[in-house]
Amino acid sequence: MSEKKPRAGQAKSKDMADVSAAVNKYKGELGQLIPILQDIQAKFYYLPKEALIQVSEATDIPLSRIYSVATFFKAFSLEPRGRHMVSVCLGTACHVRGAPKVLEQIERNLKISRGETTSDFKFTLETVNCMGCCALGPVVRIDGKYFGEINAGKVDSILNKYE
Ligand code: FES
């Protein structure tokens, strides 16, 4: 049975026990901050402000330093994100093969624009410039899984896998 995760954007004080667990797991280790932040991000899908304050207090790492690390790495988000990250490549190779139409279809299906998260925190949509697999374009990546040679007509069936 899989562990039920809290809804993104709804970190409550009871969830802060998970932050303590992450801190305790790595406390005292050199370079502890990034793994702690990774664990928190995996739990909440972003880095809630309350969690970062708790990390700062528990590790004596200044909050400003924590924010600077959190904003430096693109993998971390300070804004609530959906459980599934949908990335649409708009690099040149994908663009000329129809990626803008794929993006439009995904935006229609999810009823959000790029950079936004659905109101149920299920999906966040982003665009990227190249995923390094141009021959498969247009390419869409969801939670690290790549879908190649996508067209607008395939969008429904791909997103349905995550419903
Ligand atoms: S341009 Fe899309 S993968 Fe390279």
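Because the structure is predicted, anything quoted here is derived from the model rather than measured.

## Remarks on the packing of helix 2 (residues 33-44) against helix 4 (residues 63-72)
1) Next: Here helix 2 crosses helix 4 at 65°, and the two axes come no closer than 11 Å. Between helix 2 and helix 4, the interaxial angle falls into the category roughly perpendicular. When the axes of helix 2 and helix 4 are compared, the crossing they make is right-handed. Here Leu33, Ile34 and Leu37 of helix 2 lie close against helix 4, whose contacting residues are Ile66, Val69 and Ala70.
2) Next: Residue classes in the contact of helix 2 with helix 4 are distributed as six nonpolar, no polar and no charged.

## Quick word on the sheet that holds strand 3 (residues 140-142)
1) Next: Within the open sheet, the four strands sit side by side as 2-1-3-4. Their pairing is mixed. A single partner strand is all that each edge strand has here, and the edge strands are strand 2 (123-128) and strand 4 (145-147). Each neighbouring strand pair of the sheet contributes to a mean axis angle of 20°, computed without reference to strand direction.
2) Next: Here strand 1 (residues 84-89) runs beside strand 3; their pairing, made up of three bridges, is antiparallel. What sits directly across from Val86, in strand 3, is Ile142.
3) Next: Together, strand 1, strand 2 and strand 3 form the strand contacts of helix 6 (residues 99-110), whose direction differs from that of strand 1 by roughly 155°.

## What about the domain arrangement of the chain?
1) Next: The domains assigned to the chain are domain 1 (13-72) and domain 2 (84-160).
2) Next: Taking only C-alpha atoms, the centre of domain 1 and the centre of domain 2 are 30 Å apart.

## Brief notes about the pairing of strand 1
1) Next: As paired strands, strand 1 and strand 2 are joined by six bridges and run parallel to one another. Within strand 2, the residue paired with Val86 across the bridge is Leu125.

Each value, and the rule that gives it
Residues numbered from 1 in each chain as written. Predicted model: local features only at pLDDT ≥ 70, side-chain atom pairs only at ≥ 80, totals over all residues. Axes fitted to C-alpha atoms, helices over the stretch in contact; angles between N-to-C directions. Helix = DSSP H or I, 4+ residues; strand = E, 2+ residues; numbered from the N terminus. Parallel < 35°, antiparallel > 145°, perpendicular 65-115°, else oblique. Left-handed = near helix turned anticlockwise from the far one by under 90°. Contact = placed C-beta atoms within 7 Å. Nonpolar A, V, L, I, M, F, W, Y, C, P; charged D, E, K, R; others polar. Pairing = 2+ DSSP bridges. Domains from an automatic or database assignment.

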